[in-house]
Amino acid sequence: MVPGTLKVGIDWREFEEGTHTGIQSYLSSFLQGAMERRRGWTFHLFGTERTRFLNAPGIVEAVRMGDGFRPFWDQIYIPRACRKLALDVFVTPYVKLPVLASCPVVSWLNDLTPLRVQGVAGWAERAYYATMCRATVSRAAAIITISEFTRKDIEGRFCSSE
């Protein structure tokens, strides 16, 4: 890596045509802030054919990958692309980080609602979410939370006191 440069991959799938979500809002703010403050960084936005990408030649590159079974996308396609692009870091707004990524991964963990609130998720989704939370907490280079409450909740459930 050349000093002052960084190749950042970002899971941008949330930006499907015709949608607007809270995740889109904070991911846009994150990217805008990084683009303004980090000269020399390049951003590789990962999405599908339905993804809306930013147009910022020389700064942002769209990485279009086919649709498919999401766990396969998360655990096979993304790590493969991270290696091919020689990324320095990969950022995901989801708890399902690519565990085999060849670079450090930064993950948002918004809340533990599927584990805390009865009826929000079925048993299989709860088990998958809990497994991915454990993997995220143990594998992520950094975790971004939306509140101090969420940080403490994650620590209480997934971090040992040792």
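### Comments concerning the sheet that holds strand 5 (residues 105–108)
In step 1: The strand order across the open sheet formed by 6 strands is 3-2-1-4-5-6, and the pairing between neighbours is parallel. The two strands at the open ends of the sheet, each matched to only one other strand, are strand 3 (60–64) and strand 6 (142–144). Across the sheet, the axes of successive neighbouring strands diverge by a mean angle of 20°, strand direction being ignored.
In step 2: Sheet topology places strand 5 next to strand 6; 3 bridges connect them, and they run parallel. Its bridge partner lying in strand 6, Trp 108 is registered against Ile 144.

### Comments concerning the pairing of strand 4 (residues 89–92)
In step 1: Burial of the side chains of strand 4 extends over both faces: Val 89 and Val 91 are buried on one face and Phe 90 and Thr 92 on the other.
In step 2: Where strand 1 (residues 6–11) and strand 4 come together, 3 bridges link them in parallel fashion. Residue pairing across strands places Val 8 opposite Val 89, the latter belonging to strand 4.
In step 3: Bridging between strand 4 and strand 5 involves 3 bridges; their strand directions are parallel.

Cut-offs applied
Residues numbered from 1 in each chain as written. Predicted model: local features only at pLDDT ≥ 70, side-chain atom pairs only at ≥ 80, totals over all residues. Heavy atoms only, no water. Pairing = 2+ DSSP bridges. Helix = DSSP H or I, 4+ residues; strand = E, 2+ residues; numbered from the N terminus. Axes fitted to C-alpha atoms, helices over the stretch in contact; angles between N-to-C directions. Buried < 20%, exposed > 50% of the residue type's maximum accessible area, 1.4 Å probe, protein only.

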